[in-house]
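Close look at the chain arrangement
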Amino acid sequence: MVIQMENRPSEVGQASRQLQTLRSQLEIEYERLNKLRDRKNELLAKMSELQEASINAKFARDEKNKIIAEKKAQRDKLHQARAELAEKINALIEKKRAVVSSVKEPEEELVRQLKEITWKYQTTTLSIEEDRKAVQTIASLEKKLAFFKKTKDIDQEIRNLKSQSNELRQKANDLHKEILQLAEESKSFHERLLSAHEEGSVYAEELNSIRSEMTAIWEHIQQSKVQLSDARLKFDIAKTAAMQQKAAQLAEQVKLTISKRAELASRASEKLKRGERLTFEEYGALLEEKAGSEGN
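Residues numbered from 1 in each chain as written. Predicted model: local features only at pLDDT ≥ 70, side-chain atom pairs only at ≥ 80, totals over all residues. Heavy atoms only, no water.

1. Here we look at the overall build of the chain
Threshold: Secondary structure elements follow DSSP: runs of H or I no shorter than four residues count as helices, runs of E no shorter than two count as strands, and numbering proceeds from the N terminus. Here the globule rule reads 2.2 Å times residues to the power 0.38, and the radius of gyration is calculated from C-alpha atoms. Only protein chains enter the accessibility calculation, which uses a 1.4 Å probe; a residue is then buried when its area is under 20% of its type maximum, exposed when over 50%, and partly exposed in between. Throughout, a residue-residue contact means that at least one pair of heavy atoms, one from each residue, lies within 4.5 Å. A 1.4 Å probe and the Shrake-Rupley method give the accessible areas. Residues count as covered only by the protein chains that appear here.
Helix and strand counts for the chain come out as 4 helices and 0 strands. When the elements of the chain are put in sequence order from the N terminus, they spell out α-α-α-α. Its C-alpha radius of gyration of 62 Å places the chain more than 25% over the 19 Å reference for a compact globule of 296 residues. Counting only C-alpha atoms and orienting by the principal axes, one finds that the chain spans roughly 215 × 25 × 25 Å. For the chain, buried positions account for 23% of its 296 residues. Restricting to contacts in the chain with at least 6 residues of sequence separation, those with at least 24 account for 84%. Accessible surface, the chain: about 21,300 Å² in total, of which carbon and sulfur atoms supply 53%.

2. Things to note about the confidence of the model for the chain
As a reminder, the rule being used: The predictor attaches a confidence to each residue, called pLDDT, with possible values from 0 through 100.
For the chain, per-residue confidence averages 83 on the pLDDT scale, and residues scoring 70 or more make up 92% of the total. When the elements of the chain are averaged for pLDDT, helix α4 (residues 280–295) gives the smallest value, 66, and helix α1 (residues 2–101) the largest, 87. Within the model, pLDDT remains below 50 along residues 1–6, and this stretch shows 5 contacts once partners closer than five positions in the same chain are excluded.

3. Some remarks on the pattern of salt bridges
Here is the rule: For this analysis, a salt bridge means a side-chain nitrogen from Lys or Arg found within 4 Å of a carboxyl oxygen belonging to Asp or Glu.
In this structure the tally under the stated criterion is 14 salt bridges. For Glu129, the salt bridge is made with Arg132, and the minimal N-O distance between the two is 2.1 Å. Pair noted here: Glu129 and Arg132 are both in helix α3 (residues 128–274), with a separation of 3 residues, about one helical turn. Residue classification places Glu129 among the partly exposed positions, given a relative accessible area of 37%. For Arg132, a relative accessible area of 39% gives the class partly exposed.

4. Points about the environment of Leu193
With respect to the helices and strands, the residue Leu193 is situated in helix α3. Relative accessible area serves as the criterion here: at 6%, Leu193 is assigned to the buried category. If sequence neighbours within four positions are ignored, Leu193 has contacts with Ser54, Ala57, Lys58 and Arg61.

5. Focus on the side chain of Ser165
Tracing the sequence through the fold places Ser165 in helix α3. Beyond its immediate sequence surroundings of up to four residues, Ser165 is in contact with Arg82 and Leu85.

6. Thoughts on the environment of Thr215
Here Thr215 is to be found in helix α3. For the pair Thr215 and Ala69, spaced 146 residues apart in the sequence, the C-alpha separation amounts to 50 Å.

7. Quick look at the side chain of Lys71
Checked against the element boundaries, Lys71 lands in helix α1. Here Lys71 falls in the buried class, since its relative accessible area comes to 18%. Not counting residues up to four positions away in its chain, the partners in contact with Lys71 are Leu175, Glu178, Ile179 and Leu182.

Structure, rendered in structure tokens:
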């Protein structure tokens, strides 16, 4: 019985230390959980910003691509118009070649002959036959020269068409430069979008890791709470047992003290009867015994 009573304080101390250890572990785990929660909220905020940036980048990229498509359509129309002009120019060149091929003499020679025959016709007295031949010659020369006039008109038309073609080419080139610039801007927005997705993937991976870790910590916290409850119960039981042990010890001490006092009082009473001298303890025990009897 005495051995068990001596072990009670050590049981209380052990239960108390276990209780403190579990509380400290819980505090550490809650602190880790709070830090992870802060990091999770930080990641969620960054991912929200990235999502907004991604939406803006995608919208801007799509708008640029839409404009690019429109300008490409305009440029294609200009190329088509130039192709049609080129066909017209080629047709006029062939027409000019056909007209020129019908005249063997150079234009300068025909002009010289016309001036010569006209001068002769105007300044010389000709017979009827000569006059008729001169008129026919003049008419023939003028007809041949009319072909050269026609080629000049064709040349002018060709120049006009080439001028239109050059204007269309310049417009197409300007559009092409705009398309290249827009393509660079679209590429820049696309790269921002990809960068945001890559960065978001890194954050998402870390966020998943944090959530898994938080889940594991939370499960361990729940287990620790059960252990803490058990430890608290053990501590309370050990503390109650220790208090009961202490009360029993005090009762035992009181019992021993009373028994010892009764023995001393009985001894003192015998000594008094024999007329012997009492010790201080015997005298005190006798007085306490007498006081107790009077009190009852």
